[in-house]
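Coordinate analysis (summary)
Okay, here's what each chain looks like letter by letter:
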Amino acid sequence: CHNSILTGPIETTMCDYETIESVNDELFANLSDLVEKPFFRYFQVDLYRECPFWPDDGSCNDPGCAITTVDESNVPEKWRAKALSELDPASVDKRHSLPGCYYRDSDFCFLDDNTEGEYFDLRLVPERYTGYSGKDAQRVWKSIYEENCFGLSELALMTGKSPAPVSLPDTMIEVLHEDGEESAAQCLEKRVYYKVISGLHASISTHICHEYLNQTTGEWHPNLNCFITRVASHPERLQYIYFDTILLLRAVSRLGPYLSAFDYCSTGTHEDDMETLQTLTKVLNIAEDAGAFDESILFRGENANILKEEFKTHFRNVTRIMDCVGCDKCRLWGKIQTTGLATAMKILFELDETALDPRANSDLLQRSEVVALMNTLFRFSESLKAVETFRKLWREMDDAE
Ligand code: FAD
């Protein structure tokens, strides 16, 4: 856990650990308020699509995996599926047909088309220990890391016809897991890709360990050993939580004018809507100060476009792999966070200032992308708060010895 104290610059960003730590309390407080607002807490998604990669998703029967939907009548009317499809009748034509399901292609991810699926109140679904584990959960993570294998699988995957991610020999997977991102032979983009995935994995693990269920007493508590084993004993995993936070902050900062112009009005009071905008403005200010990520250094050299297409295809596959997560609660947060990260990468790697101009491009993002982006940033900020708790627990344990 000594490894969990990080200082100095954060690789491939223009930020340092101290800066992120100095803003995180305020960021966390404002995001906590923001995700309570109706606009940011209702999310519609089809959680029960077929897994496109293997027949049995190993459903988790643990009560911790179960999830409760909210009735559509509780969702402000303008965000209901019917109202949205009336607003954008072309949306149905934009759907892409993929094995077993329909999605909308949105650069780095496959988005639900907002006409199917159930509603969830995200306030009621904490990301925490659910009991989903074993070979089924590991198979999902393994497939996700296999997507980091650039140059080997792109042909099959880019056609969208691949029935399953290409299988790699176990030795290769070990390389990808343990030190794949450190090899000098790997290009910057591939290292970034690995950091994004590994950072997400580490953030999910941090949530699991922070709200851990003691099965004997039935109590929820932070489990320091769990955090040490899964995250702190691999310091690079912790570093990637910071890395993803900066990437998300940078995307939010670039999207500032667009987010400020977005329609957050709900059926609540005018004060409610004003508060949403004011809280969002505070988050945008923090993002502007701390979101120091230089996206212009990526996808530059020879073959940049091919590499970017490959990167996008791989991340899109990760969003599809989420349909193979056998625990409803985990799948919901998996879908939200892969969509949030995909939205951030779309903003950073795909869109220029003209495209981001709300007057020129008011339909740039769907509401679900904005909700996913801010909730994902909230999850990472929450992970950094949890890391603080674990450091404190470590110091107390150290003092007691
Ligand atoms: P796993 O976390 O399954 O990891 C598998 C292997 O990957 C490890 O053995 C290690 O070699 C490697 N690894 C681990 N972490 C990293 C990292 N950060 N970077 C690189 N390599 C790494 N469980 C819950 O209780 N609650 C949830 O909300 C939840 N959400 C999930 C969401 C998704 C999308 C997935 C796929 C799983 C989720 N799970 C959740 C399950 C959870 O992530 C673990 O799989 C489970 O707790 C078993 O953990 P484990 O110790 O066997 O290792």
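Residues numbered from 1 in each chain as written. Predicted model: local features only at pLDDT ≥ 70, side-chain atom pairs only at ≥ 80, totals over all residues.

Some points on the overall build of the protein chain
Note the following rule: Elements are defined by DSSP. Helices are runs of H or I of four residues or more, strands are runs of E of two residues or more, and each kind is numbered from the N terminus. For every residue, the other C-beta atoms within 10 Å of its own C-beta are counted; 20 or more classify it as buried, 12 or fewer as exposed, and values in between as partly exposed. C-beta atoms are placed from the backbone. A residue pair is marked as a contact if its C-beta atoms, positioned from the backbone, fall within 7 Å.
Scanning the protein chain from terminus to terminus reveals 15 helices and seven strands. In the protein chain, buried positions account for 41% of the 401 residues. Considering only intrachain contacts with a sequence separation of at least 6, the fraction spanning at least 24 residues in the protein chain is 81%.

Some details on the site of the ligand
The condition is simple: Near, as applied to residues and a molecule or strand, means the residue's backbone-placed C-beta atom lies within 6 Å of it. Under the scheme applied here, ten amino acids are nonpolar (Ala, Val, Leu, Ile, Met, Phe, Trp, Tyr, Cys and Pro), four are charged (Asp, Glu, Lys and Arg), and all others, including Gly, are polar.
Neighbouring residues of the ligand: 23 residues in total, closest Ala 137, Ser 198, His 201, Cys 330 and Gly 334. Among the secondary structure elements, those contributing two or more residues to the shell around the ligand are α4 (134–146), α7 (188–210) and α13 (328–349). Looking at the shell around the ligand, the element that brings in the most residues is α7, giving six residues. When the residues that make up the shell around the ligand are grouped by side-chain class, the tally is eleven nonpolar, eight polar and four charged.

Observations regarding the packing of helix α9 (residues 235–254) against helix α15 (residues 367–400)
Which entries qualify depends on this criterion: For helices, the axis comes from a line fit to the C-alpha atoms of the stretch in contact; other axes are also lines fit to C-alpha atoms, and the angle between any two N-to-C directions lies between 0 and 180 degrees. For any helix crossing, the convention is left-handed if the near helix is rotated counterclockwise from the far helix by under a right angle, and right-handed if that rotation is clockwise.
Relative to each other, α9 and α15 sit at 145 degrees, their axes nearing to 10 Å. The hand of the α9/α15 crossing is left-handed. Between α9 and α15, the contacting residues are Leu 238, Ile 241, Asp 244, Thr 245, Leu 248, Leu 249, Ala 251 and Val 252 on the first element and Leu 373, Thr 376, Leu 377, Phe 380, Ser 381, Ser 383, Leu 384 and Val 387 on the second. Tallied by class, residues from the contact of α9 with α15 come to eleven nonpolar, four polar and one charged.

Some points on the confidence of the model for the protein chain
Quick reminder of the rule: What pLDDT conveys is the predictor's confidence in a given residue, as a value from 0 to 100.
In this model, the protein chain carries a mean pLDDT of 83, and residues with pLDDT of at least 70 account for 81%. Below a pLDDT of 50 lies the segment residues 89–105, which in the model reaches 30 contacts outside its immediate sequence neighbourhood of four places, other chains included. Note on residues 152–184: pLDDT is under 50 here. Beyond four places in sequence and across chains, it has 39 contacts. The ipTM, which scores confidence in the relative placement of chains, is 0.99 for this predicted complex, and the corresponding pTM is 0.88.

Observations concerning unusual backbone geometry
Despite not being glycine, Phe 299 shows a phi value in the positive range, around 55 degrees. With respect to the helices and strands, Phe 299 occurs in the loop between α11 (270–290) and α12 (304–321).

A look at the nonpolar core
To keep it simple, the criterion reads: Put simply, a nonpolar core is buried Ala, Val, Leu, Ile, Met, Phe, Trp, Tyr and Cys residues tied into one set by C-beta atoms within 7 Å.
By size, the foremost hydrophobic cluster in this structure holds 95 residues, and its most contacted members are Ile 246, Ala 251, Val 252, Ala 344, Met 374 and Leu 377. Leave out the neighbours within four places in its chain, and Leu 377 touches Leu 31, Leu 248, Leu 249 and Val 252.

With respect to the environment of Pro 222
Structurally, Pro 222 can be placed in the loop between β7 (219–221) and α8 (224–232). For Pro 222, a count of 16 C-beta atoms within 10 Å translates into the label partly exposed. Taking the C-alpha atoms as reference points, Pro 222 and His 207, separated by 15 residues in sequence, lie 9.1 Å from one another. Residues in contact with Pro 222, not counting those within four places in the same chain, are Cys 209, His 210, Tyr 212, Thr 389, Phe 390 and Leu 393.

Comments concerning the pairing of strand β1 (residues 42–45)
The following threshold applies: By the convention used here, strands pair only if DSSP detects at least 2 bridges between them.
Going residue by residue along β1, you find Tyr 42 and Gln 44 tucked away on one face and Phe 43 and Val 45 tucked away on the opposite face as well. Pairing geometry for β1 and strand β5 (residues 118–121), over four bridges, is antiparallel. Bridging across to β5, Gln 44 finds its partner in Tyr 119.

With respect to the packing of α7 against α9
Heads up, the condition is: Relative orientations are named as follows: roughly parallel for angles under 35 degrees, roughly antiparallel for angles over 145 degrees, roughly perpendicular for angles from 65 to 115 degrees, and oblique for any other angle.
α9 packs onto α7 with a crossing angle of 110 degrees between their chain directions and a minimal axis gap of 7 Å. Viewed along their axes, α7 and α9 adopt a mutual orientation that is roughly perpendicular. Residues Lys 195, Val 196, Ser 198, Gly 199, Leu 200, Ala 202, Ser 203 and Thr 206 of α7 touch α9, and the partners they reach there are Arg 237, Leu 238, Tyr 240, Ile 241, Phe 243, Asp 244 and Leu 247. Of the residues assigned to the contact of α7 with α9, the class counts are eight nonpolar, four polar and three charged.

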